[in-house]
Amino acid sequence: MRPRVCLLAVGAALACPGLAAAKPSAPTLFCETYPDAPLCQTGRPACAFCHSKVDGAVEWNPYGEQVRRALPPAGGGEPGDAAFAAALRAIEASDADGDGESNGDEIRGGSAPGDPASRSAAGARECPGDAGGLAYRVCQYDPPYVYRKVMLDFCGRSPSFEERQAFGARAGAAQRAALHEALDGCLKTPFWRGRDGAVWRLAHPKVRPASFGENDYGDEGGAGGEGGGGALYDDDYALFVYTQIDGHDARDLLLARYFVRQTGPTDYARVDELPGQQNIPAERRAGMITTAWFLIFNNMFTALPRTAAAQAYRSYLGYDIAKQEGLYPVSDEPVDYDDKGLRAPTCAVCHSTLDPLTYPFRNYDGVSADDLERFGRYLPDRLESLYEGAIPGVSLTPEAGYLFGQPVADLTAWARAAADSDAFAIALVRDYWQLLLGAPPAPDEAAAFEGLWRSFRGPRGYSVEGMLHDLIDTEVYGVP
């Protein structure tokens, strides 16, 4: 008999140990109850919102304890969604952490009601009474300050004396226009869009979440032009950068049925096929999550590639299942087709979401167990021909699955639902926000962040460059 292993139990225990008794969909239900809360406009509540670690053990913090006490007796099962929402509402007027602010006021103000050190006004800016003599107009949007930031952030250098003089000679609307002209110029530079540039580096945790030597899966050198050369994952980096530049639709991170080669220091070209290097047929491609490197790195020899699903969910939708983020439990899951013992309660907490996320990956092969020279393929009978003999019953795994609790027919449908979601827009805009501002959105920045990602998926048509033009106009970016 094969050993029965709870695949995510260790990861979940490290992230939020002792939370098996917590409601796994609580962050989602919280944001359904408080859709306008700043925390829900920039992500989802983490474990620490209701829990704290004491002497190595995770316990309920004061707010979590109030929620727990407000819930009706479980009666052997989890409380219903309506009961959970009612419990949150019932304790709004209370002050769980004793800091003088009610739970409801803290939630709406963007602070943590279970942490007395977290106050809704903590992010308020204190402005000097006399800003005379300061280099910038403190507490006001200051174009010269923004000009220098744009040049540093997007061009990788400070403006020259002559450039600063020319900028200063403009006034009013002309200065604002000059900021956007400078941004347009910087977005064409190798510093921003070249190999190892800012956008290229932004892809590191998505393409290569662990470090590899220079000669793994190819030579690190060279731009990887049409003639070949370059590492196998260069195709992934090139596709990533291409989707982020020149007004392209960033959803092609998950929707592209083409490939991209870097043809010059700042130039990229679409190609329909890369024979011998990318083997997935066009109708089965889903951008970054079906490249040869992604499948080799994440699927390997695994029958049910849960790692691939978890990496895609984390990289492009911002949810880390090992931290119990983005849980949308599916009824009667996990089925446990590969007999890993996943129906145990401590495992099912995460796997009731993860396994249905994984099913659409079932026919995508990483390194084939039957032929080590072939990799990154779509095999309609993959489980039947390669794994059923060793894992009886695994071939019953369906290709249809679930994303955000909604059914999807296959991986291309998975990718379409993901790319069109709020989560995709939030996660991608948050990547750039952190890159350019150095930290995730603070509570008092939530409104600006929400406006940015909503514009990105609306008027800006998923153009990253359009979103960046909006970003440099915000007070968060432009007020010293």
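Thresholds, definitions, all that
Residues numbered from 1 in each chain as written. Predicted model: local features only at pLDDT ≥ 70, side-chain atom pairs only at ≥ 80, totals over all residues. Heavy atoms only, no water. Salt bridge = Lys/Arg side-chain N within 4 Å of Asp/Glu carboxyl O. Helix = DSSP H or I, 4+ residues; strand = E, 2+ residues; numbered from the N terminus. Buried < 20%, exposed > 50% of the residue type's maximum accessible area, 1.4 Å probe, protein only. Core = buried A, V, L, I, M, F, W, Y, C linked by side-chain atoms within 4.5 Å. Contact = heavy atoms within 4.5 Å. Disulfide = S-S within 2.5 Å.

Caption draft 1: Up close: the pattern of salt bridges. Counted under the stated rule, the structure contains 29 salt bridges. A salt bridge links Arg 176 to Asp 473, with the shortest nitrogen-to-oxygen separation between them at 3.4 Å. With Arg 176 in helix H9 (residues 173-186) and Asp 473 in the loop between helix H22 (464-472) and helix H23 (475-478), this pair connects stretches of sequence that are 297 residues apart. One salt bridge connects Arg 284 with Asp 410, and the closest N-O pair in it is separated by 3.6 Å. Residue Arg 284 is found in the loop between strand S4 (268-271) and helix H15 (292-298), and its partner Asp 410 is found in the loop between strand S8 (406-408) and helix H19 (411-419); the two are separated by 126 residues along the sequence. You can call Asp 410 buried: its relative accessible area is 17%. The network of salt bridges with common partners includes Arg 89, Glu 92, Asp 105 and Arg 108.

Caption draft 2: The nonpolar core, seen in detail. Counting residues in hydrophobic clusters, the biggest one holds 96 residues, and the most contacted among them are Phe 154, Ile 289, Trp 414 and Leu 468. Setting aside chain neighbours within four positions, we find Phe 154 in contact with Leu 183, Cys 186, Leu 187, Thr 189, Phe 191, Trp 192, Leu 436, Leu 468, Ile 472 and Tyr 477. In this structure, Ala 37, Cys 40, Val 67 and Ile 107 belong to the second largest nonpolar core, which totals 15 residues.

Caption draft 3: Just the state of the cysteines, in detail. Tallied over the entire structure, the rule returns two disulfides. Here Cys 31 connects covalently by a disulfide to Cys 40, the sulfurs 2.0 Å from one another. Every disulfide takes its handedness from the sign of the S-S torsion; for Cys 31 and Cys 40 that torsion is -85°, giving left-handed. There is no split in this pair, since Cys 31 and Cys 40 are both buried. Disulfide pairing places Cys 155 opposite Cys 186 at an S-S distance of 1.9 Å. Handedness here is read from the sign of the S-S torsion; for Cys 155 and Cys 186, about -105°, the answer is left-handed. With Cys 155 in helix H7 (residues 143-155) and Cys 186 in helix H9, the pair connects residues that are 31 residues apart, well separated along the chain. By relative accessible area, which is 16% here, Cys 155 ends up buried. A relative accessible area of 1% places Cys 186 in the buried class.

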